[in-house]
Amino acid sequence: MKQLIAAFALMFLAISATVLASPTNIRFAHLDKDMDGQISIVEAKEDKEVMRQFADLDEDGDEKISKKEFESFKA
């Protein structure tokens, strides 16, 4: 019984991780090459659409796009 519960718990975690991996999160992770949690202007140059919207996405003007700022990205 304990093994069955453990198997279901692992399956639930795997499904949850898949759901959390939204296209926006995947795109952000792909661009964040140095994995510092931000997209620099150099990293943004890898994606024409992100680069085109860089100034609008960089709400605080620090020349980096945070994950929170990236949530307003429109593809």
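Shown above is the structure to which this text applies.
Counting restarts for each chain: residues are numbered from 1 in the order of the written sequence. Thresholds applied to this predicted model are a pLDDT of at least 70 for local features of residues and 80 or more for the giving and counting of side-chain atom pairs; totals over whole chains, interfaces and linings are not thresholded and use all residues. In computing side-chain values, all of the structure's heavy atoms are included and hydrogens and water are not.

*Asks:* Can you break down the nonpolar core residue by residue, with the values?
*Replies:* We call a set of buried Ala, Val, Leu, Ile, Met, Phe, Trp, Tyr and Cys residues a nonpolar core when their side-chain atoms join them within 4.5 Å. Buried means the residue's accessible area, taken with a 1.4 Å probe over protein chains only, is under 20% of the maximum for its type, while exposed means over 50%, and partly exposed covers the values in between. Listed in full, the ten residues of the largest apolar core are F28, L31, I39, A44, V50, F54, L57, I65, F70 and F73. For the purposes of this entry, the term helix denotes a DSSP run of H or I that reaches at least four residues, the term strand denotes a run of E that reaches at least two, and both are numbered from the N terminus. When contributions to this core are tallied by element, the ones reaching two or more residues are α2 (23-31) and α4 (48-57). It is α4 that contributes the most residues to this core, three residues altogether. Contact between two residues is taken to exist if any of their heavy atoms lie within 4.5 Å; hydrogens are not considered. With residues up to four places along the chain from it excluded, the contact list for F54 reads I39, S40, I41, A44, E63, K64 and I65.

*Asks:* Give me the lowdown on the side chain of D47, citing residues and values where you can.
*Replies:* Its place among the elements puts D47 in the loop between α3 (41-44) and α4. Polar contacts here mean pairs of N or O atoms no more than 3.5 Å apart (in protein, one a potential hydrogen donor and the other a potential acceptor; neighbouring residues in sequence count only if both atoms are side-chain atoms). There is a polar contact of 3.1 Å between the side chain of D47 and the backbone nitrogen of V50. Apart from residues lying up to four places away in sequence, D47 is in contact with R27 and L31.

*Asks:* Would you mind going over the pattern of salt bridges in detail, with residue names and values included?
*Replies:* The salt bridge criterion pairs a side-chain nitrogen of Lys or Arg with a carboxyl oxygen of Asp or Glu, the two atoms within 4 Å. Within this structure, the stated rule accounts for two salt bridges. As a salt-bridge pair, R27 and D47 come within 2.8 Å of each other at their nearest N and O atoms. Of this pair, R27 sits in helix α2 while D47 sits in the loop between α3 and α4, and the two are 20 residues apart along the sequence. Judged by relative accessible area, R27 falls into the partly exposed class, the value being 26%. The class for D47 is buried, based on a relative accessible area of 12%. Residue E49 pairs with R52 through a salt bridge whose shortest N-O separation is 2.6 Å. Of this pair, E49 and R52 both sit in helix α4, three residues apart, roughly one helical turn.

*Asks:* Describe the environment of T24, with residues and values.
*Replies:* Examined against the element boundaries, T24 turns out to sit in helix α2. Distance from T24 to E71, taken between C-alpha atoms, is 7.2 Å for residues 47 residues apart in sequence.

*Asks:* Please provide a residue-by-residue account of the packing of aromatic side chains, values included.
*Replies:* Any two of the Phe, Tyr and Trp rings considered here, Trp counted by its six-membered ring, make a pair once their centres fall within 6.5 Å; the pair's planes then place it as stacked at under 30 degrees, edge-to-face at over 60, or tilted in between. Per the counting criterion, the structure on display carries two aromatic pairs. Relative to F73, the ring of F70 has its centre 5.2 Å away and its plane inclined at 5°; by these criteria the two rings are stacked. Here F70 matches F73 in class, with each residue buried. One aromatic cluster in this structure is built from F28, F70 and F73.

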